[in-house]
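The lines below spell out each chain.
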Amino acid sequence: MKSRTILFLVILLTVAAAAFVLPQWLGNKVLPWRLGLDLIGGSHLIYEVDMSGVSASDKDSVLAGLRDVMERRVNVFGISEPQVLTAKSGDSYRILIELAGIKNAQEAIAHIGKTAQLEFREVEKIDEAEQKIIWKSSGLTGKYLKRAQVTFDSQIAQPEISIEFNSDGAKLFEEITGRNIEKPLAIFLDNELISSPIVRQKIIGGNAVISGQFSGDEAKALASLLNAGALPAPVNLVSQQVIGASLGENSLNSTMIAGLAGTIAVMLFMAFYYRKFGIFSVLALVIYVILTLAVFKGVTMTMTLAGIAGFVLSIGMAIDANVLIFERTKEEIKKGISKLTAIEEGFKRAWPSIRDSNITTIISSVILYYFTSGFVRGFALSLLIGVIVSMFSAITVTRALLKTFVKN
Amino acid sequence: MIISGTLVAASVASISIFGFKQGIDFVGGALWQIKVSATKEDLQSALPGAIITSQPATGSFILRTSELKENEHQELLAAFKEKFGEVEELRFETIGPSIGNELREKSVRAFIYVLLSISLYIAFVFRKVSRPVSSWKYGLITLITLFHDALIPLGTFSVLGYLLNVEIDAIFVVAILVVLGFSVHDTIVVFDRIREKLKLQKSGNYDFDALVNQGVNETIVRSINTSLTLVLVLVAMFFLGAASLQYFILTILIGVMVGTYSSIFVASPLLTLWRRL
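Cut-offs and rules
Note that residues are indexed from 1 along each chain, following the sequence as it is written. As they are written, the chains are lettered A onward and the ligands numbered 1 onward, keeping that order. Local features in this predicted model are restricted to residues of pLDDT 70 or higher, and side-chain atom pairs are both shown and tallied only at a pLDDT of 80 or more, whereas totals for entire chains, interfaces and linings draw on every residue. Pairing between strands requires that DSSP locate at least two bridges from one strand to the other. For helices the rule is a DSSP run of H or I covering at least 4 residues; for strands it is a run of E covering at least 2, with both sets numbered from the N terminus onward. Axis geometry follows a simple rule: fit a line to the C-alpha atoms, using only the stretch in contact for helices, then measure angles between N-to-C directions, giving values from 0 to 180 degrees. A pair of residues counts as a contact when their C-beta atoms, built from backbone coordinates, are within 7 Å of each other. What counts as a domain boundary in this text is fixed by an automatic or database domain assignment. Ten residue types, Ala, Val, Leu, Ile, Met, Phe, Trp, Tyr, Cys and Pro, are classed as nonpolar, four, Asp, Glu, Lys and Arg, as charged, and the remainder, Gly among them, as polar. pLDDT gives the predictor's per-residue confidence on a scale running from 0 to 100. Think of a nonpolar core as buried Ala, Val, Leu, Ile, Met, Phe, Trp, Tyr and Cys residues chained together by C-beta atoms that fall within 7 Å. Exposed residues have 12 or fewer other C-beta atoms within 10 Å of their own C-beta, buried residues have 20 or more, and residues in between are partly exposed; the C-beta atoms are placed from the backbone. The cut-offs work like this: below 35 degrees is roughly parallel, past 145 is roughly antiparallel, 65 to 115 is roughly perpendicular, and the gaps in between are oblique. One less than the residue count of a helix, multiplied by 1.5 Å, gives the span that helix is expected to have.

Peer 1: Sorry if this is basic, but what is going on with the sheet that holds strand E5 (residues 118–127) of chain A here?
Peer 2: Whenever strands of a sheet pair, they do so through backbone hydrogen bonds, lying parallel or antiparallel. Residues and elements named next belong to chain A. A sheet is described by the order of its strands in space; here four strands give the open sequence E6-E5-E9-E10, paired in antiparallel fashion. With partners counted over all chains shown, the strands left at the sheet margins are strand E6 (132–141) and strand E10 (192–195), one partner each. Across this sheet, the average inter-strand angle for adjacent strands is 45 degrees, counted without regard to direction. Sitting on the sheet, helix H6 (residues 167–179) is in contact with E5, E6 and strand E9 (185–189), with an inclination near 150 degrees to E6.

Structure representation (structure tokens):
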């Protein structure tokens with residue numbers, strides 16, 4: 001491709017990227033920026049699940065169930081995009097929760113960490129007017145349930161959930177099913193209905209099967225919820241970070257001002273030291289900033305304070321390739337060859353250093369990414385994306401600019 | 001070399017005597033930032049066990065204590081409200097010791113992996129250069145130089161920890177890793193120039209020391225300029241950026257300056273020294 005064509009495409013891409021990035025333009029409509037908890041305020045909670053009372057084979061199911069239970073509880077608070085994740089680290093099972101912009105974190109914390117309450121309820125009466133069933137407690141709760149698991153009925157080719165009660169539970173269950181034949185028996189978790197199978201017959205012995213039109217995933221989710229309510233797996237809050245909204249806003253503003261000031265300083269330096277060449281690198285840097293921000297947004301990266309810091313640092317690094325190229329070009333010009341050939345040589349000879357430098361940065365950011373979590377991780381990711389985009393901007397873009405505008 | 005030796009010795013001495021003040025994310029504990037109309041002394045008498053620093057930028061205080069359970073946190077908040085009136089919570093973090101240990105272990109491992117993989121990468125890209133110094137030695141020299149570059153900021157923070165209660169935490173480790181990734185850049189530029197010069201030597205009769213020296217002299221301006229652009233950004237971030245990142249930026253700033261200096265005054269002399277051995 002001719003350098004003019006490349007330049008034209010780059011400019012087109014940059015304008016599109018700018019429209020995508022700027023909130024005032026298309027930015028907010030297409031995909032709003034996602035800001036981290038450290039910038040908008042919020043809570044980051046880590047719960048450790050005490051699995052000592054759970055057999056090894058049930059641990060994963062219990063963890064998944066607890067996650068669902070906690071997510072349901074979080075949703076009660078009406079927070080936008082809450083994150084509830086599970087993490088296994090060595091022998092410990094954890095649930096990580098991120099709540100953005102919540103005011104009374106204490107209330108949420110108190111509510112989220114409670115032990116799940118599983119209860120079987122029977123029909124008290126049917127409200128004809130509102131067409132809903134009024135439930136009453138049956139006395140059978142999670143503590144009588146031993147475990148639940150997904151089994152497969154080969155006759156009708158459907159997954160179902162087998163539940164097993166302890167001996168006291170079996171007796172209670174026998175009485176309850178006996179008086180509720182052909183009626184629904186509801187399963188409530190934290191006072192919320194999760195399933196209401198119809199009792200077909202009186203069940204003796206404490207082993208029951210819930211069947212229905214479940215998909216494999218639905219059956220698994222239901223079994224997990226039952227296990228979360230049945231098995232003794234209390235959760236402990238082992239870490240919490242709560243950041244007030246005002247602190248976050250302060251940090252965001254000052255970091256953006258600092259980033260801008262630093263970038264302008266770098267631009268001035270380049271323009272004064274390398275004159276005409278420098279001005280081209282300044283243009284390339286502007287393109288770099290816009291394109292990188294567009295990539296951040298495109299991969300829906302959550303911007304954290306550390307992430308923005310990483311990006312600002314990458315601005316200082318992105319220009320380095322230009323410094324190396326220009327220094328080399330100057331050397332070549334001194335040898336007495338034509339300007340354009342010198343530029344070409346400058347790019348060619350500076351390349352190995354640029355490549356090696358960027359690869360070492362990529363190595364450290366990848367290792368960082370895998371060894372960190374939470375707020376810090378954003379830093380590694382933004383540095384990584386920044387370095388990759390900078391290879392494009394400092395080389396392709398600057399070269400196209402120089403080749404288009406520099407005459408011998 | 002002498003300056004480096006002194007700084008390295010000072011850093012090692014400081015680390016072994018003072019050690020580090022480790023942040024709550026490494027040892028567990030709580031960090032509580034509040035805005036309250038009280039003096040530091042008032043707070044200290046209300047909570048004798050805490051380390052309290054005032055944050056003039058936001059008009060708040062940071063209190064560091066051992067791990068606080070949520071109910072303890074609430075009790076404390078209630079007690080403070082009773083004593084000092086309105087209390088605005090800007091930040092509350094508490095981390096259990098088990099998570100702290102894990103993070104610390106991970107940090108140390110990440111540090112070692114970065115050191116090794118960068119050195120191996122250098123040994124790999126210089127694999128075609130075997131005379132007069134073989135490529136694995138370039139890798140090893142990089143390793144030594146990187147270690148040097150990390151040691152000096154570590155030493156600085158050990159002193160800062162002793163004097164100003166500055167803590168090292170997960171984000172500090174990140175800064176050190178960034179320093180490692182960046183400070184190798186200048187070393188690469190010098191080594192690359194030496195490699196290029198070696199290729200141009202047709203006869204076996206050349207002065208390796210002079211060649212290294214030439215390589216350093218020819219690249220010194222760009223080494224300084226590449227670091228300068230980063231230093232400009234870092235200085236802006238240090239003075240204008242968020243207070244919570246100030247030490248993070250400072251670590252990188254020290255590391256970048258040490259890294260530039262070390263590529264000229266540590267890595268290259270080591271290369272010539274090694275050949276003589």
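Peer 1: I tried to follow the domain arrangement of chain A on my own but got confused; where do I start?
Peer 2: Often, the extent of an interface is quoted as the loss of accessible area on bringing the components together. Residue and element names in this part refer to chain A. When its domains are assigned, chain A resolves into domain 1 (3–37 + 244–405), domain 2 (42–115 + 235–242) and domain 3 (118–230). The C-alpha-based centres of domain 2 and domain 3 are spaced at 25 Å. Listed per partner, the contact involves ten residues of domain 2 and ten residues of domain 3. Looking at the side of domain 2 that touches domain 3, its residues break down into four nonpolar, two polar and four charged.

Peer 1: Would you mind going over the confidence of the model for chain B with me for this structure?
Peer 2: Parts of the prediction with low pLDDT should not have their coordinates interpreted in detail. Averaged over all residues, the pLDDT of chain B equals 84, while 97% of them reach at least 70. Reported for the predicted complex are a pTM of 0.78 and an ipTM of 0.82.

Peer 1: Just checking my understanding: could you explain the nonpolar core for this structure?
Peer 2: What tends to happen in soluble globular proteins is that the nonpolar side chains get buried as a cluster. In this structure, A:Leu66 and B:Val233 are the most contacted members of the largest nonpolar core, which totals 189 residues. Broken down by element, the residue count for this core peaks at 20 residues, all from helix H8 (residues 245–298) of chain A. Apart from residues no more than four positions distant in its own chain, B:Val233 is found in contact with A:Gly262, A:Val266, A:Val312, A:Leu313, A:Ile315 and A:Gly316.

Peer 1: Hey, could you run me through the interface of chain B and chain A in this one?
Peer 2: Across the boundary between the two partners, chain B contributes 52 residues, which contact 53 residues of chain A. At the level of secondary structure, the elements contributing two or more residues to the side of chain B that touches chain A comprise helix H4 (70–84), strand E4 (87–95), helix H5 (97–125), helix H7 (170–200) and helix H8 (208–240) of chain B. Looking at the side of chain B that touches chain A, the element that brings in the most residues is H7(B), giving 13 residues. A breakdown of the residues in the side of chain B that touches chain A according to their chemical character gives 30 nonpolar, 13 polar and nine charged. Direction of pairing for strand E12 (residues 235–243) of chain A relative to E4(B): antiparallel, over a ladder of five bridges.

Peer 1: Can you help me understand the sheet that holds strand E2 (residues 51–55) of chain B in this one?
Peer 2: Overall, antiparallel pairing links the eight strands, which are arranged E3(A)-E4(A)-E2(A)-E12(A)-E4(B)-E1(B)-E3(B)-E2(B) in an open sheet. The sheet is open, and its two borders are formed by strand E3 (83–89) of chain A together with E2 of chain B, each paired with just one other strand. Taken over all neighbouring pairs, the strand axes of this sheet differ in orientation by 20 degrees on average, direction set aside. Sheet strands touched by H4(B): E12 of chain A together with strand E1 (29–36) and E4 of chain B. Its angle to E4(B), the strand with the most contacts, is close to 155 degrees. Packed on one face of the sheet, H5(B) meets strand E2 (42–49), E3 and E12 of chain A together with E4 of chain B and runs near 70 degrees to E12(A).

Peer 1: Can you walk me through the pairing of strand E4 (residues 92–100) of chain A in this structure?
Peer 2: Both faces of the sheet carry side chains from a regular strand, because those side chains alternate between them. Two strands pair when backbone bridges link them, and E2(A) and E4(A) are joined in this way by eight bridges, in the antiparallel orientation. Considered in E4(A), the bridge of A:Ser43 is made with A:Leu99.

Peer 1: Would you mind showing me how to read the packing of helix H4 (residues 59–76) of chain A against helix H7 (residues 216–230) of chain A here?
Peer 2: When two helices pack together, their arrangement is captured by the angle between the axes and the distance separating the axes. Residue and element names in this part refer to chain A. Running from N to C, H4 and H7 cross one another at 90 degrees; their axes reach a closest spacing of 7 Å. Judged by the angle between their axes, H4 and H7 are roughly perpendicular. Packed against H4, whose contacting residues are Ser61, Val62, Ala64, Gly65, Leu66, Asp68 and Val69, the element H7 presents Ala221, Ala223, Ser224, Leu225, Asn227 and Ala228 at the interface.

Peer 1: Could you clarify how one ought to interpret the pairing of E9(A) in this entry?
Peer 2: All names here are of chain A. Where burial is concerned, the two faces of E9 differ: the one with Leu185, Ile187 and Leu189 is buried and the one with Ala186 and Phe188 is not. In terms of strand pairing, E5 meets E9 through five bridges, oriented antiparallel. Each residue of the ladder has a partner; that of leucine 118, found in E9, is leucine 189. Sheet topology note: the E9/E10 ladder contains three bridges and is antiparallel. Within the sheet, the bridge partner assigned to leucine 189 lies in E10 and is glutamate 192. Here E9 hands over to E10 after two residues, with aspartate 190 in that stretch at a positive phi of 50 degrees.

Peer 1: What am I meant to see in helix H1 (residues 2–18) of chain B here?
Peer 2: Given 3.6 residues to a turn, an α-helix orients residues that are three or four positions apart in the same direction. For H1(B), spanning 17 residues, the distance from its first C-alpha to its last is 24 Å, which sits close to the expected 24 Å at 1.5 Å a residue. In the segment just after H1(B), B:Gly19 is the residue with positive phi, at about 65 degrees.

Peer 1: Would you mind showing me how to read the domain arrangement of chain B here?
Peer 2: Residues and elements named next belong to chain B. Entries for chain B in the domain assignment read domain 1 (2–21 + 99–276) and domain 2 (29–95). Of note, the centres of domain 1 and domain 2, computed from C-alpha atoms alone, are 39 Å apart. Residue-level contacts link four residues of domain 1 with four residues of domain 2. Here the side of domain 1 that touches domain 2 is composed, by residue class, of two nonpolar, two polar and no charged.

Peer 1: Teacher, can you tell me more about the packing of H5(B) against H7(B) here?
Peer 2: Residue and element names in this part refer to chain B. In contact at an axis separation of 10 Å, H5 and H7 are set at 0 degrees when each is read in the N-to-C sense. Considering the angle they form, H5 stands roughly parallel to H7. Each of Leu103, Ser107, Ala110, Phe111, Val114, Leu115 and Ile118 in H5 lies in contact with H7, whose residues at this interface are Ala170, Val173, Ile176, Leu177, Leu180, Gly181 and Val184. Classifying every residue of the contact of H5 with H7 by side-chain character gives twelve nonpolar, two polar and no charged.

Peer 1: Can you walk me through the environment of B:Glu105 in this structure?
Peer 2: Residues and elements named next belong to chain B. Of note, glutamate 105 is situated in helix H5. You can call glutamate 105 exposed: it has 12 C-beta atoms within 10 Å. Taking the C-alpha atoms as reference points, glutamate 105 and phenylalanine 26, separated by 79 residues in sequence, lie 8.8 Å from one another.

Peer 1: Quick question: what am I supposed to make of unusual backbone geometry here?
Peer 2: Of all residues except glycine, most have a negative phi; of all peptide bonds, most are trans. Residue and element names in this part refer to chain A. Positive phi is not limited to glycine here, since arginine 275 has a value of about 50 degrees. Following the sequence through the fold, arginine 275 ends up in helix H8. A residue is classified by how many C-beta atoms lie within 10 Å of it, and arginine 275, with 10 of them, is exposed.

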